[in-house]
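# Report on the structure
As a plain string of letters, each chain reads:
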Amino acid sequence: ERQWAMFAHLSALAGGLLTSAIGGWGFFLGPLVIWLMKKDTMPFVADQAREALNFNITVSAIFLVLLILSFVTLGIGLIITLPIMLIVGIAALVFIIIAAMKANEGIAYRYPFAVRIIK
């Protein structure tokens, strides 16, 4: 179960890399697939996959809002949104790695700043 929980967190990175050609919006696909597969059989994996899913939906929503802000300001907002996107992206990477390490140790990890949509 610990390895599946770790994969639930790391699958967000894989999903982002695999969909990078279309903007990298697949961060939530890996945790979603693992959650749907394991939610009835492995409670720890289901909890961690749900946590990873909620976090990556939150991060994707932040990126979407920043992208819309960039378009609304006709590109002038990129001065503000690009550094924020960089900071959010690096923070997400760090939190995902920490979560994967904790899950591999058997510790349930809770992401900070995650909106828990899926319960």
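This report concerns the structure included in the present document. (Residues numbered from 1 in each chain as written. Predicted model: local features only at pLDDT ≥ 70, side-chain atom pairs only at ≥ 80, totals over all residues. Heavy atoms only, no water.)

## Here we look at the pattern of salt bridges
One pass over the structure, following the stated rule, counts 4 salt bridges. In this structure, the salt-bridge partner of D47 is R50, at a minimum N-O distance of 3.5 Å. Here D47 pairs with R50, and both are found in helix α3 (residues 43–72), just 3 residues apart, close to one helical turn. Accessibility expressed as a relative area gives 15% for D47, which makes it buried. The class of R50 is partly exposed, set by a relative accessible area of 21%. In this structure, R110 and D47 form a salt bridge, with 2.8 Å as the shortest nitrogen-oxygen distance. Note that R110 is positioned in the segment after α4 (78–104) and D47 in helix α3, a separation of 63 residues in sequence. Look at R110 and you get partly exposed, because its relative accessible area is 41%. Because the salt bridges share partners, they merge into one network encompassing D47, R50, E51, R110 and R116. (Salt bridge = Lys/Arg side-chain N within 4 Å of Asp/Glu carboxyl O. Helix = DSSP H or I, 4+ residues; strand = E, 2+ residues; numbered from the N terminus. Buried < 20%, exposed > 50% of the residue type's maximum accessible area, 1.4 Å probe, protein only.)

## Details of helix α1 (residues 2–18)
The end-to-end C-alpha distance of α1 is 24 Å, a good match for the 24 Å that 17 residues give at a rise of 1.5 Å each. Bending of α1 peaks at approximately 35° at the position of L10. Of the residues making up α1, those classed as buried are A5, M6, A8, H9, S11, A12, G15 and G16. Where α1 is buried, its residues touch α2 (29–38), α3 and α4. (Expected span 1.5 Å × (residues − 1). Bend = angle between axes of the 7 residues up to and from the residue. Contact = heavy atoms within 4.5 Å.)

## Things to note about unusual backbone geometry
Backbone geometry at L74 places phi at a positive 55°, although glycine is not the residue there. Tracing the sequence through the fold places L74 in the loop between α3 and α4.

## What about the nonpolar core?
Ranked by size, the top nonpolar core spans 14 residues in total, and within it F55, V59, F63, I96 and Y111 carry the most contacts. Of all elements in the fold, only α3 and α4 reach the threshold of two or more residues within this core. Contacts of F63, omitting those with residues within four sequence positions, involve W25, M85, V88 and G89. In this structure, A8, W35, V45 and A46 belong to the second largest nonpolar core, which totals 8 residues. (Core = buried A, V, L, I, M, F, W, Y, C linked by side-chain atoms within 4.5 Å.)

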